[in-house]
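Geometric and topological summary
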Amino acid sequence: MTAARLRRPTQLGSTALAAVFVILSAPAWAADFQVDNVKLDLGKLVISIPKIAVKGSNLEKDAFLALFAKGANEPASVRIGKLTAAEISAPELSMEQTVGDQKQTTTYRDIRFSDIRDGKVGHGESASASIEAQGGATGTMKGTLKRTAFDSLDLKQSARVLTEKAAPDANEPYVPVIGSFEQDGYELDMGKAGKMSIGKTTARGFAMKLGPEPLLDIVEKVGKESQELEKKADDKTADKDDDKSEIEKRFALSMLTLFDMFDYGSGEARDFKATIRPPATEDGKPKDAVDWTIDRIAFGENAPDKSGFAVEGMAFTAGPGKGRVDSISYSGFAFTSAFRELRAALANPDTDIENIDYRRFIPKIGTVRLTGLSVDAPAIMPDKQPIKIALGTFELKGGEPLNGIPTSLGLTIDKLVTPVVDTGDNPALKDMLAMGIDKLDLSARLDLAWEAAKNELAIRNLSLGSAGLVQFDAKGTLGNVTQDLFSSDLALAQVAALGATARNLQVKLQNFGLVEKLIENQARKTKRKVEEVRQQFTMVASVGLAAMLGPSEAAKTLASAASRFVAKPGTLTIDASAKAPTGLGLADVLTISQPTEIFDKIDVKADAQ
């Protein structure tokens, strides 16, 4: 989330909406009465309501007005907790919020609350709303909201979070604030920055907790620090690195504090559309606007994995370029401990950033998944074709963390299709095009897991290949991998890594046409027959490897399999294992003076089919 975006009405409005609901239930309750010209000044937030109608209040009109008089002795949350009414309605409510140089006014219309008991609202609705923000860098911004409705709104907790702060070192719990929420649509004209809109949004289980500062104060800080960073970025006259770093530190701390105060529950937003106009270049030339659409944004139980976050059907265009992502999501992540450590480091002025242990800030890593990526970009050279890149699936999965580091790791890259483009200065690319390889269809997999009981790191799968060319697969086991490898003490972790031993390794190389293309390309370059080149390669594999590896039986087996593979490319398999039960360690390798001595320490099986 960028600093600039935090100051847009989208963000301020969502924060202020909770304040709207807080105040609406506050200004008028008695058996049946009407209150005119209600104004509540919270300093950073001023709410004005021309007229409120109240039915079935537990307070008389004068007692109600006294609760919200300026200078009341009790906190707002205590006063709101005393209110009960059958219904509260207002034709209009305007809310003015100032953040830095920007002033935002939000006006809600046709508001109705029902079943208000002890500071909690059973149901509430607003038929529509409008937003106007002035003073921002992009000029005046205006927006409209369609119907907004909610169930089970806790006004008392909302008021606490907005205006109060937690006691020092208190571990405040999250308290449910909104049971369910619906917003039928939102449009915003961001002035020079562009336009955006969102379709229907639904959410449930939203909760908040008290932070070290009132929420209104934190939002003001975020806005001011955002503006300061923008000014520093535009200042070309002096070196402001030190000042900028301090502002960035304060901004990051404010954002982490803000994020920690909310538990977003579950929900989704549909039909996001935006046209973003970036600032012009330094010489005044306009940049291409970016058109951006998202079919669905989901989180919590509404996400595909019933947790985490997902963006589906995301597409963009910028000038001649365009792209799409079918889905990008994460699940199983836990950020609490990482954010706590990062907040503590930023809040401590004596933190030594140069020598900090960054593993403290690693969140619990779950699964990150991306599917259906496609990008069309202009040609990098005038006489070349446009570039098309696609990716079927990318997935990164980590599990069982120890000192912040996952002890199991899975990586999948499937069908990464990229063109081979002659840049004019790379002979390898020229050779690939000469062999008829104008694109690569790549896939890769990695699956690692540490077994604590055995002190082993199992390489379950390591593979890399390109469709129609070649496939490489390997698996193996590393021994003497102790828990110290995951220690927060970097020196201790390095010692543990150096003490690991290789116990076994299995390799399989499958040819799907690459070897033939290499031979044919060499024949074409040397103006020789293909069969002559093949015989030469076979001779090199047989005689050359035998001379390098020595006369041992294992070396002969390996050289023989390699020469058969070159002569008739198919599948080459190699199985190597350490002769010592403890495996082959770094110290064993360092004592080798000749490559052939390696076969005194390992057993090798090899075959070519």
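Now for a description of the structure that goes with this document. Worth saying up front: this structure is predicted, and the values here are computed from it rather than measured.

1. With respect to the side chain of Ser463
You can see Ser463 is positioned in strand 21 (residues 456–466). Judged by its relative accessible area of 6%, Ser463 falls in the buried class. Apart from residues lying up to four places away in sequence, Ser463 is in contact with Ser443, Ala444, Arg445, Gln471, Phe472 and Asp473.

2. Side note on unusual backbone geometry
Glycine aside, a negative phi is what most residues show, and trans is what most peptide bonds show. Of note in this structure, Lys306 is not a glycine but carries a positive phi near 65 degrees. Within the secondary structure, Lys306 is located in the loop between strand 14 (290–299) and strand 15 (309–318). Looking at Lys306, the relative accessible area reads 52%, which means it is exposed. Here Glu400, not a glycine, exhibits a phi torsion of approximately 45 degrees, which is positive. Mapped onto the secondary structure, Glu400 falls in strand 18 (residues 387–402). Residue Glu400 is classed as exposed on the basis of its relative accessible area of 53%.

3. Let's talk about the pattern of salt bridges
For the structure shown, the criterion picks out 26 salt bridges. With a shortest N-O distance of 2.7 Å, Glu87 and Arg112 are connected by a salt bridge. Placement of Glu87 in strand 3 (residues 85–99) and of Arg112 in strand 4 (residues 102–117) is noted, with a sequence separation of 25 residues between them. In this structure, Arg534 and Glu531 form a salt bridge, with 3.6 Å as the shortest nitrogen-oxygen distance. One end of the pair is Arg534 and the other is Glu531, both in helix 12 (residues 530–549) and three residues apart, which spans about a single turn. Judged by its relative accessible area of 17%, Arg534 is buried. Ionic contacts of the salt-bridge type, sharing partners, join the residues Glu125, Arg147, Glu182 and Asp184 into one network.

4. Thoughts on the packing of helix 11 (residues 514–526) against helix 12
Between helix 11 and helix 12, the shortest axis-to-axis distance is 8 Å and the interhelical angle comes to 115 degrees. Read as a crossing pair, helix 11 and helix 12 show a hand that is right-handed. Along its contact with helix 11, which presents Ile519, Glu520, Gln522, Ala523 and Thr526, the element helix 12 presents Val530, Val533, Arg534 and Phe537. Classifying every residue of the contact of helix 11 with helix 12 by side-chain character gives five nonpolar, two polar and two charged.

5. Regarding the packing of aromatic side chains
Summed over all chains, the structure comprises eight aromatic pairs. Geometrically, the ring pair formed by Phe259 and Tyr264 is tilted, given 6.2 Å between the ring centres and 50 degrees between the ring planes. Considering the side-chain rings of Phe309 and Tyr330, the 6.2 Å spacing of their centres and the 25 degrees angle between planes classify their relative orientation as stacked. With Phe309 in strand 15 and Tyr330 in strand 16 (residues 321–331), this pair connects stretches of sequence that are 21 residues apart. Clustering of aromatic rings is evident, with ring pairs tying together Phe206, Phe259, Phe262 and Tyr264.

6. Some remarks on helix 5 (residues 155–163)
Listing the buried residues of helix 5 in full gives Leu155, Gln157, Ser158, Ala159, Val161 and Leu162. Put simply, Asp154 is the residue that caps the front of helix 5, since its side-chain oxygen is 3.1 Å from the backbone nitrogen of Lys156.

7. Re the environment of Thr336
Inspection of the secondary structure assignment puts Thr336 in helix 8 (residues 336–347). Sequence separation between Thr336 and Phe361 is 25 residues, and the spatial gap between their C-alpha atoms is 9.8 Å.

8. Concerning the nonpolar core
In this structure, Leu215 and Leu258 are the most contacted members of the largest nonpolar core, which totals 64 residues. Counting 19 residues, the second-largest nonpolar core is a separate cluster that includes Ala555, Phe565, Val604 and Ala606.

Criteria and thresholds
- Residues numbered from 1 in each chain as written.
- Predicted model: local features only at pLDDT ≥ 70, side-chain atom pairs only at ≥ 80, totals over all residues.
- Heavy atoms only, no water.
- Helix = DSSP H or I, 4+ residues; strand = E, 2+ residues; numbered from the N terminus.
- Buried < 20%, exposed > 50% of the residue type's maximum accessible area, 1.4 Å probe, protein only.
- Contact = heavy atoms within 4.5 Å.
- Salt bridge = Lys/Arg side-chain N within 4 Å of Asp/Glu carboxyl O.
- Axes fitted to C-alpha atoms, helices over the stretch in contact; angles between N-to-C directions.
- Left-handed = near helix turned anticlockwise from the far one by under 90°.
- Nonpolar A, V, L, I, M, F, W, Y, C, P; charged D, E, K, R; others polar.
- Phe/Tyr/Trp six-rings, centres within 6.5 Å; stacked < 30°, edge-to-face > 60°.
- Polar contact = N/O pair within 3.5 Å; in protein donor to acceptor, adjacent residues only side chain to side chain.
- Core = buried A, V, L, I, M, F, W, Y, C linked by side-chain atoms within 4.5 Å.

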